[in-house]
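One letter stands for each residue in the lines below.
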Amino acid sequence: MRVPLLDLSEQYRVLADPIRAQLDEVLASQSFILGPKVAAFEEAIRGYCGAPHAIGVSSGTDALLALLMALEIGPGAAVITSAYSFFATAGCIARVGATPVLIDINPETYNICPAALERFLTESCRRGEDGSLCTRAGETIRAILPVHLFGLCCEMNAIHQISEFFQIDVIEDAAQAIGAEYPFGGATAKAGTMSEAGCFSFYPSKNLGAAGDAGMVLCRDEALAQRLRVCRQHGMEPRYYHHFIGGNFRLDEIQAAILAVKMPFLDGWSAARRAVADFYREEFTRVGLTSHLSIPVEPYRERGLTNHHIYHQYVIRTPRRDSLREHLTRKEIGTAIYYPLGLHEQECFSYLGYNEGDFPETERAAQETLALPMYPELSHEAQRYVAEAVSEFFA
Ligand SMILES: Cc1ncc(COP(=O)(O)O)c(C=O)c1O
């Protein structure tokens, strides 16, 4: 039996008619960029997440880039983030001329470790002459950028406690976590709304995926929202008058229209992903595999949250990862490694001066983690086949 890591064809089969109708409507309107479909989709995401402002952009990468540019983060600044993330998180910090400062992860959640963050700020930073917090190299720490990896929110209460103590802004990389909930203070908050601003990706493989690239920034502050709207059009306002340097970060009507068709299904899809995760967990536990491999933790499940995890990826870990992967490949089961290197190990970041061993949990995760097939339409038969193939390997 062939089981791909992800298969979007069933989702399209169900939604093909309304999606085609939307395509026809956009094509008939000949309005392709930043029109009514973008405005409607922004409003849908804004309302769903409970954020004051939503600005549609061209990708998750551009959401991060536009946000950093709008915040005027650049040379001389540092932004703290996780050592274990997709490249774009640190890549965008570097692209605006700032320095990515990396922090190790919690080995259970794969998200930035608040204790390591606090240790870094306490032991490796100092107050500059103007009172701002600086790295040893003298860069001003402008923001902490936690990444809600695989669809599980970071420990935002602890992160905010630290950020408030050190008076640093927080912005979220929620690219993989749309709809994920967190017990924030006494309330429930969604990923991307627990700080000054949050970024989403609607890359096709995301829980809410476009038919191409798309992204969004959520933010609290009206002035920042306005700056982002201007930033996504080359810093232009009014036409051909440029106040600052932005970029072409515009979201197009076709992507927004398709995403708006899919949007009402998002929570159902995330619930279906959780059901797949429940099945994997029950099976791996039932056959006694949990002494051989680690399965995803669900730290917020008991808090009564619906979307306590949205399982953008279902990631297990074992020191025998590579041979398990080969075994599953032989069984025609798709898997992936997110990610084979920590960000500090990427060649392009060698100038940051990190060494092997600097982030041991990140390095171990990069060696041991493996994503298994996960999508809402994954059949029971396929789930069972995957679980049996994993058990067979460890038998
Ligand atoms: C954590 C993270 N940040 C940023 C991005 C960038 O998003 P995009 O691919 O839409 O540019 C991704 C996308 O994969 C991501 O996973």
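Use the structure listed above.
Overview of the structure. Keep in mind that this is a model prediction, so the values were computed, not measured.

1. Some thoughts on the packing of helix H9 (residues 266–286) against helix H12 (residues 380–394)
Here H9 crosses H12 at 35°, and the two axes come no closer than 10 Å. Judged by the twist between their axes, the crossing of H9 over H12 is right-handed. The segment H9 lies against H12, with Val276, Phe279, Tyr280, Glu283 and Phe284 engaging Gln383, Arg384, Val386, Ala387 and Val390. The residue makeup of the contact of H9 with H12, split by class, is seven nonpolar, one polar and two charged.

2. What about the packing of aromatic side chains?
Following the criterion strictly, the structure yields 18 aromatic pairs and no others. Between the aromatic rings of Phe349 and Tyr351, the centroid separation amounts to 6.4 Å while the plane-to-plane angle is 55°, which identifies the pairing as tilted. Given a relative accessible area of 2%, Phe349 falls into the buried group. Since its relative accessible area comes to 53%, Tyr351 is described here as exposed. One aromatic cluster in this structure is built from Tyr84, Phe86, Tyr110, Phe150, Tyr338 and Tyr339. The ring of Tyr48 carries Lys190 above its face, with NZ or CZ at 4.5 Å from the centroid. Of note, Arg227 hangs over the ring of Phe244, and the distance from its end group to the ring centre comes to 3.9 Å.

3. Digging into the site of the ligand
As a matter of local geometry, the ligand sits amid 14 residues, with Gly60, Thr61, Asp173, Ser201 and Lys206 nearest to it. Between an oxygen atom of the ligand and a side-chain N or O atom of Thr61, the distance comes to 2.5 Å. Between Asp173 and the ligand, the recorded distance is 2.8 Å, taken from a side-chain N or O atom to a nitrogen atom. Its free accessible area being 390 Å², the ligand has 92% of it covered by the protein chains. For the shell around the ligand, the secondary structure elements donating two or more residues are helix H3 (60–70) and helix H4 (87–95). Tallied by class, the residues present in the shell around the ligand amount to five nonpolar, seven polar and two charged.

4. Digging into the pairing of strand S9 (residues 187–190)
Judged from the four bridges that link them, strand S8 (residues 181–184) and S9 form a sheet pairing that is antiparallel. For Glu181, the partnering residue across the bridge sits in S9 and is Lys190. Hairpin geometry of S8 and S9 is characterised by an intervening segment of two residues between the two adjacent antiparallel strands and by a positive phi of about 60° at Gly185.

5. What to know about the pattern of salt bridges
Side chains carrying opposite charge are able to pair once their charged atoms draw close together. In this structure the tally under the stated criterion is 17 salt bridges. Between Lys37 and Glu25 there is a salt bridge, with the nearest N and O atoms lying 2.8 Å from each other. Separated by 12 residues along the polypeptide, Lys37 in helix H2 (residues 36–49) and Glu25 in helix H1 (residues 9–29) bring together distant segments of the chain. What makes Lys37 buried here is its relative accessible area of 17%.

6. A short note on unusual backbone geometry
Here the bond from Glu237 into Pro238 is cis, since omega is -5°, no more than 30 degrees from zero. Relative to the helices and strands, Pro238 is located in the loop between helix H7 (222–231) and helix H8 (253–262). A cis amide bond links Tyr338 with the next residue in sequence, Tyr339, at an omega value of 10°. Mapped onto the elements of the fold, Tyr339 is located in the loop between helix H10 (321–330) and helix H11 (360–368).

7. Details of the packing of H3 against H4
It is at 9 Å that the axes of H3 and H4 come closest, and there the two elements cross at 35°. Both H3 and H4 take part in a crossing whose hand is right-handed. Where H3 approaches H4, its residues Thr61, Leu64, Leu65 and Leu68 are matched on the opposing element by Ala88, Thr89, Cys92, Ile93 and Arg95. In the contact of H3 with H4, the residues fall into six nonpolar, two polar and one charged.

8. A short note on the nonpolar core
Formed by 53 residues in total, the largest nonpolar core has its most connected members in Phe41, Ile45, Leu121 and Phe202. Residue contributions to this core peak at five residues, all from H2. Not counting the four nearest positions on each side in its chain, Ile45 is found in contact with Ile178, Phe200, Phe202, Leu208, Met216, Leu218 and Met263. Core analysis: the second largest hydrophobic core is formed by 32 residues, Ala66, Ala70, Val79 and Ala143 among them.

9. Regarding a nonpolar patch on the surface
Among the surface-exposed residues, Leu27, Phe32 and Ile33 lie close enough to one another that they form a single nonpolar patch of about 250 Å² accessible area. Mapped onto the fold, Leu27 is located in helix H1.

10. A few points about the state of the cysteines
Under the definition given, this model contains zero disulfides. As a non-bridged cysteine, Cys49 has Cys153 as the owner of its nearest cysteine sulfur, 10 Å distant. Left without a disulfide partner, Cys199 is nearest to the cysteine sulfur of Cys92, which lies 8.4 Å away.

Parameters and conventions
Residues numbered from 1 in each chain as written. Predicted model: local features only at pLDDT ≥ 70, side-chain atom pairs only at ≥ 80, totals over all residues. Heavy atoms only, no water. Axes fitted to C-alpha atoms, helices over the stretch in contact; angles between N-to-C directions. Helix = DSSP H or I, 4+ residues; strand = E, 2+ residues; numbered from the N terminus. Left-handed = near helix turned anticlockwise from the far one by under 90°. Contact = heavy atoms within 4.5 Å. Nonpolar A, V, L, I, M, F, W, Y, C, P; charged D, E, K, R; others polar. Phe/Tyr/Trp six-rings, centres within 6.5 Å; stacked < 30°, edge-to-face > 60°. Buried < 20%, exposed > 50% of the residue type's maximum accessible area, 1.4 Å probe, protein only. Lys NZ or Arg CZ within 6 Å of the ring centre and 35° of its normal. Near = heavy atom within 4 Å. Polar contact = N/O pair within 3.5 Å; in protein donor to acceptor, adjacent residues only side chain to side chain. Areas by Shrake-Rupley, 256 points an atom, 1.4 Å probe, with all protein chains shown as cover. Pairing = 2+ DSSP bridges. Salt bridge = Lys/Arg side-chain N within 4 Å of Asp/Glu carboxyl O. Core = buried A, V, L, I, M, F, W, Y, C linked by side-chain atoms within 4.5 Å. Patch = residues over 30% accessible without salt bridge, like charges linked within 9 Å, V, L, I, M, F, W, Y side chains within 5 Å. Disulfide = S-S within 2.5 Å.

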